[in-house]
Amino acid sequence: MKQGNATRRKVQSLKTSRETRSTVREGKDSGLEMKALEALNTAYGRVARVLSQEIDRSKTDVEQISALGGRLRWVSERQKLVRTALQAGPGLAAYVCGDCQEVKELRSLAEMAAKLAASSESFPTTLNLLNYIDHELGWTPLAQSA
């Protein structure tokens, strides 16, 4: 029986730092993570709307439409990921934000992106900020700089 306990302890000590951070954060910062993801969801929604409008304005410029369409795809995929995490609750939110060291700063950046996304003129800046947030979250960047 003692061997079983030793094995169990060994397995528990092999947890990754990401799992440990996620477990610790779930109780402590889950509200911050959820609010950060809510702000990100808002930013992605606003940017998607602006990109759609820009695509409509670029009716004859096929290259511009293609570039904007690629960015719209990236924004839509990220928004879907964030919505899934929000719907699943704090556990998945903690996992999605697992590589982010400073959740408060993440929330601040996401809120800034949401504010910037309200203006159609600032969508390139907003896209770059969202790309930076991807980096902070440890997500593989999908978009090129705007």
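Residues numbered from 1 in each chain as written. Predicted model: local features only at pLDDT ≥ 70, side-chain atom pairs only at ≥ 80, totals over all residues. Heavy atoms only, no water.

### Topic: the overall build of the protein chain
On a plain count of helices and strands, the protein chain comes out with seven helices and zero strands. Reading the protein chain from its N end, one meets helices and strands in the order α-α-α-α-α-α-α. Of all 146 residues assigned to the protein chain, the portion counted as buried reaches 38%. Taking as baseline every contact in the protein chain between residues at least 6 positions apart, the subset at least 24 positions apart corresponds to 72%. (Helix = DSSP H or I, 4+ residues; strand = E, 2+ residues; numbered from the N terminus. Buried < 20%, exposed > 50% of the residue type's maximum accessible area, 1.4 Å probe, protein only. Contact = heavy atoms within 4.5 Å.)

### Observations regarding the packing of helix H4 (residues 62-88) against helix H7 (residues 123-137)
H7 packs onto H4 with a crossing angle of 45 degrees between their chain directions and a minimal axis gap of 12 Å. For the element pair H4 / H7, the angle class is oblique. As for how H4 packs across H7, the hand of that crossing is left-handed. Contact residues: H4 offers Leu68, Arg71, Trp74, Val75 and Arg78, while H7 offers Phe123, Leu127, Leu130, Asn131 and Asp134. (Axes fitted to C-alpha atoms, helices over the stretch in contact; angles between N-to-C directions. Parallel < 35°, antiparallel > 145°, perpendicular 65-115°, else oblique. Left-handed = near helix turned anticlockwise from the far one by under 90°.)

### Quick notes on the nonpolar core
Counting residues in hydrophobic clusters, the biggest one holds 34 residues, and the most contacted among them are Leu37, Leu40, Leu51, Val75, Leu130, Ile133 and Leu137. Among the secondary structure elements, those contributing two or more residues to this core are helix H3 (30-57), H4, helix H5 (90-96), helix H6 (103-117) and H7. Residue contributions to this core peak at eleven residues, all from H3. (Core = buried A, V, L, I, M, F, W, Y, C linked by side-chain atoms within 4.5 Å.)

### Brief notes about the pattern of salt bridges
When the charged atoms of two side chains with opposite charge come close together, those side chains can pair. Following the criterion strictly, the structure yields four salt bridges and no others. Salt-bridge contacts for Asp134 lead to Arg78; the nearest nitrogen and oxygen are separated by 2.9 Å. Here the residue Asp134 occupies a position in helix H7, and Arg78 occupies one in helix H4, the gap between them amounting to 56 residues. Looking at Asp134, the relative accessible area reads 0%, which means it is buried. (Salt bridge = Lys/Arg side-chain N within 4 Å of Asp/Glu carboxyl O.)

### With respect to H6
Helical geometry: 3.6 residues make up each α-helical turn, so side chains three or four residues apart lie on a common side. Over its 15 residues, H6 runs 21 Å from end to end, which matches the ideal 21 Å to within 8%, given 1.5 Å per residue. When H6 is considered as a whole, its buried residues turn out to be Val103, Leu106, Ala110, Ala113, Ala114 and Ala117. One side of H6 holds all its buried residues, which, seen down the axis, span an arc of 100 degrees. Exposed residues pointing more than 90 degrees away from the buried face of H6 are listed as Lys104 and Lys115. (Expected span 1.5 Å × (residues − 1). Arc of directions from axis to C-beta.)

Shape is all these values report; function is a separate question.
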